[in-house]
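Analysis of the macromolecular model
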Amino acid sequence: MSTLDDMHRALRVAHLTTVHARRDVRIFHKECESLAAAGYDVHLLVADGSGAEQIGGITIHDIGAVQGRIRRMCLQPWRMLRAARQLKASLYHFHDPELIPVALLLRWGGAEVVYDSHEDVPRAVMSKHWIRPWLRHVVARTFELFENFAARRFSAIVTATPHIARRFAKFNARSIDINNYPMQTELLESRCEPMGDGRAVCYVGGIGKIRGAIEMISAFEQIDATLIMAGAFESASTEAELRRLPGWSKVDYRGVVSRSQVREIMANSRAGLLFFHPEPNHVDAQPNKMFEYMSAGLPVLASDFPLWRLLLEEAGAGVCADPLDATAIARTVGALLDDPVKGRAMGALGRAAVLERYQWAHEERKLQSLYEVVLG
């Protein structure tokens, strides 16, 4: 083991989440596994009720689960604070906005603290259905002021997109984007044969109205094609509403699937769909699914947001359309399916872009360098 690895091994770092699953792709598979590989003593504190566990070089601690959003937000942060203090880590890296008070107390207690902002929360609040519409502006503005106050005091800020990093750079010079690009192990094997003649495209991810579910399904009323969908519905009422749509007869719903099943779905699809609505938190996002589609050699058919259009046009990897117009989506999907040669060319260019620029190995080095700076 190198001298640098020996130094890292002596440094205990802890990732904290009360919201995400213990094997969350960004937190566990990307960040924690990368840090463990670099020699850090990595601990992950979760709140799922599944108990303690050791996975590879990562020690998982469970503070226990509670039912209900309000109880979670009121009780779990203080349980997390107690558990975090007991670890006596050199650095705490937390992933949930509700843990900001906990993180401030750890910071004021002398610990190094990194805030991992997965989304632009003040903008995301404007799309939260469980907050009354008239109250959203007040909640968003109040939280933004508090988040900015806290950001100035943290050791560093990690964000999932450059857009969010630019926002935090005004308050903390150590603000860096660690993008959710695919890991090498997530990349689908390059297609040895051209895509088949089937007319199936896929959507993989959370299924909800602001993620374009109604428009995507309605588009398939107008074209001879199949939409393979996989993921969890945002609610039982949304599922019932979608199943009543005439276009549902063209949907092949696979449920919540494993990573291997995702690979199979993508291998049997001609394109990947990503028609999120133009919500404030979507327009400047860089969805991991976009890069997963590209890594699988699939052309991406996506919302016509300036950033998304720029990414896809630069790579030559897809086509954009109005996400609120089912007819426009139908035309875009139909044109792609009617021109398989063009589709294969876009897919190949997208995969090449991922292999060259958009993969986790580049982001891993940025994360490890940040830790070395923060820990001195």
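The model shown is predicted, which means the values in this text are computed figures rather than measured ones. (Residues numbered from 1 in each chain as written. Predicted model: local features only at pLDDT ≥ 70, side-chain atom pairs only at ≥ 80, totals over all residues. Heavy atoms only, no water.)

A short note on the overall build of the protein chain
Along the protein chain, the regular secondary structure elements total 16 helices and 14 strands. The C-alpha radius of gyration of the protein chain comes to 21 Å, within 12% of the 21 Å expected for a compact globule of 376 residues. With the C-alpha coordinates aligned to their principal axes, the bounding extent of the protein chain is approximately 60 × 55 × 40 Å. Per-residue burial for the protein chain yields a buried fraction of 53% across its 376 residues. Restricting to contacts in the protein chain with at least 6 residues of sequence separation, those with at least 24 account for 68%. Computing the positive centroid from 45 side-chain charges and the negative centroid from 44, the protein chain places the two 5 Å apart. (Helix = DSSP H or I, 4+ residues; strand = E, 2+ residues; numbered from the N terminus. Rg over C-alpha atoms; globule rule 2.2 N^0.38 Å. Buried < 20%, exposed > 50% of the residue type's maximum accessible area, 1.4 Å probe, protein only. Contact = heavy atoms within 4.5 Å. Lys, Arg positive; Asp, Glu negative; His and termini not counted. Charge placed at Lys NZ, Arg CZ, Asp CG, Glu CD.)

Considerations on the nonpolar core
With 57 residues, the main nonpolar core has Tyr203, Phe220, Leu227, Leu273, Tyr293, Met294 and Val333 as its most contacted residues. In terms of nonpolar packing, the next biggest core, distinct from the first, is built from 33 residues, Leu81, Ala84, Val102 and Ile131 among them. (Core = buried A, V, L, I, M, F, W, Y, C linked by side-chain atoms within 4.5 Å.)

Topic: the pattern of salt bridges
Tallied over the entire structure, the rule returns 24 salt bridges. Between arginine 107 and glutamate 112 there is a salt bridge, and its shortest N-O distance comes to 3.4 Å. The structure contains a network of salt bridges with shared partners spanning Asp120, Arg123, Arg141, Glu144, Glu147 and Arg167. (Salt bridge = Lys/Arg side-chain N within 4 Å of Asp/Glu carboxyl O.)

Structural notes on helix α3 (residues 69-87)
The terminal C-alpha atoms of α3 lie 26 Å apart, and with 19 residues this matches the ideal 27 Å at 1.5 Å per residue to within 8%. The largest bend in α3 amounts to roughly 35° and is located at leucine 75, with the proline proline 77 lying one to four residues further along. Among the residues of α3, Gln76, Pro77, Met80, Leu81, Ala83, Ala84 and Leu87 are the ones counted as buried. Of the residues flanking the end of α3, it is lysine 88, one or two places downstream, whose phi is positive at about 55°. (Expected span 1.5 Å × (residues − 1). Bend = angle between axes of the 7 residues up to and from the residue.)

Describing the packing of aromatic side chains
Under the definition given, this model contains 13 aromatic pairs. The interplanar angle of 70° and the centroid separation of 5.7 Å between the aromatic rings of tyrosine 40 and tyrosine 371 together place this pair among those described as edge-to-face. Of this pair, tyrosine 40 sits in the loop between α2 (25-37) and β2 (41-46) while tyrosine 371 sits in helix α16 (residues 360-375), and the two are 331 residues apart along the sequence. With a relative accessible area of 0%, tyrosine 371 lands in the buried category. (Phe/Tyr/Trp six-rings, centres within 6.5 Å; stacked < 30°, edge-to-face > 60°.)

Section: the side chain of histidine 93
Mapped onto the elements, histidine 93 comes out in strand β5 (residues 91-94). Among the polar contacts made by the side chain of histidine 93, one reaches the side chain of tyrosine 371 at a distance of 2.7 Å. Among residues more than four places away in sequence, those in contact with histidine 93 are Ala14, His15, Leu16, Glu31, Val114, Asp116, Val158, Leu367 and Tyr371. (Polar contact = N/O pair within 3.5 Å; in protein donor to acceptor, adjacent residues only side chain to side chain.)

Some remarks on the packing of helix α12 (residues 288-295) against helix α13 (residues 306-315)
In the contact formed by α12 and α13, the axes pass within 12 Å of each other and the chain directions differ by 15°. The pairing of α12 with α13 is recorded here as roughly parallel in orientation. Crossing hand, α12 versus α13: right-handed. Two secondary-structure elements touch here, α12 through Met290, Phe291 and Met294 and α13 through Trp308, Leu311, Leu312 and Ala315. Across the contact of α12 with α13, the residue classes tally to seven nonpolar, no polar and no charged. (Axes fitted to C-alpha atoms, helices over the stretch in contact; angles between N-to-C directions. Parallel < 35°, antiparallel > 145°, perpendicular 65-115°, else oblique. Left-handed = near helix turned anticlockwise from the far one by under 90°. Nonpolar A, V, L, I, M, F, W, Y, C, P; charged D, E, K, R; others polar.)

Notes on the state of the cysteines
Considering all chains together, one arrives at zero disulfides under this definition. Unpaired in this structure, cysteine 202 has its nearest cysteine sulfur neighbour in cysteine 320, at a distance of 16 Å. (Disulfide = S-S within 2.5 Å.)

Some remarks on a nonpolar patch on the surface
A cluster of nonpolar side chains, namely Trp78, Leu105, Trp108, Phe146 and Phe149, defines an oily patch on the protein surface of about 490 Å² accessible area. At the level of elements, α4 (100-108) and α6 (133-151) are the ones that each hand at least two residues to the nonpolar patch. Structurally, tryptophan 78 can be placed in helix α3. (Patch = residues over 30% accessible without salt bridge, like charges linked within 9 Å, V, L, I, M, F, W, Y side chains within 5 Å. Areas by Shrake-Rupley, 256 points an atom, 1.4 Å probe, with all protein chains shown as cover.)

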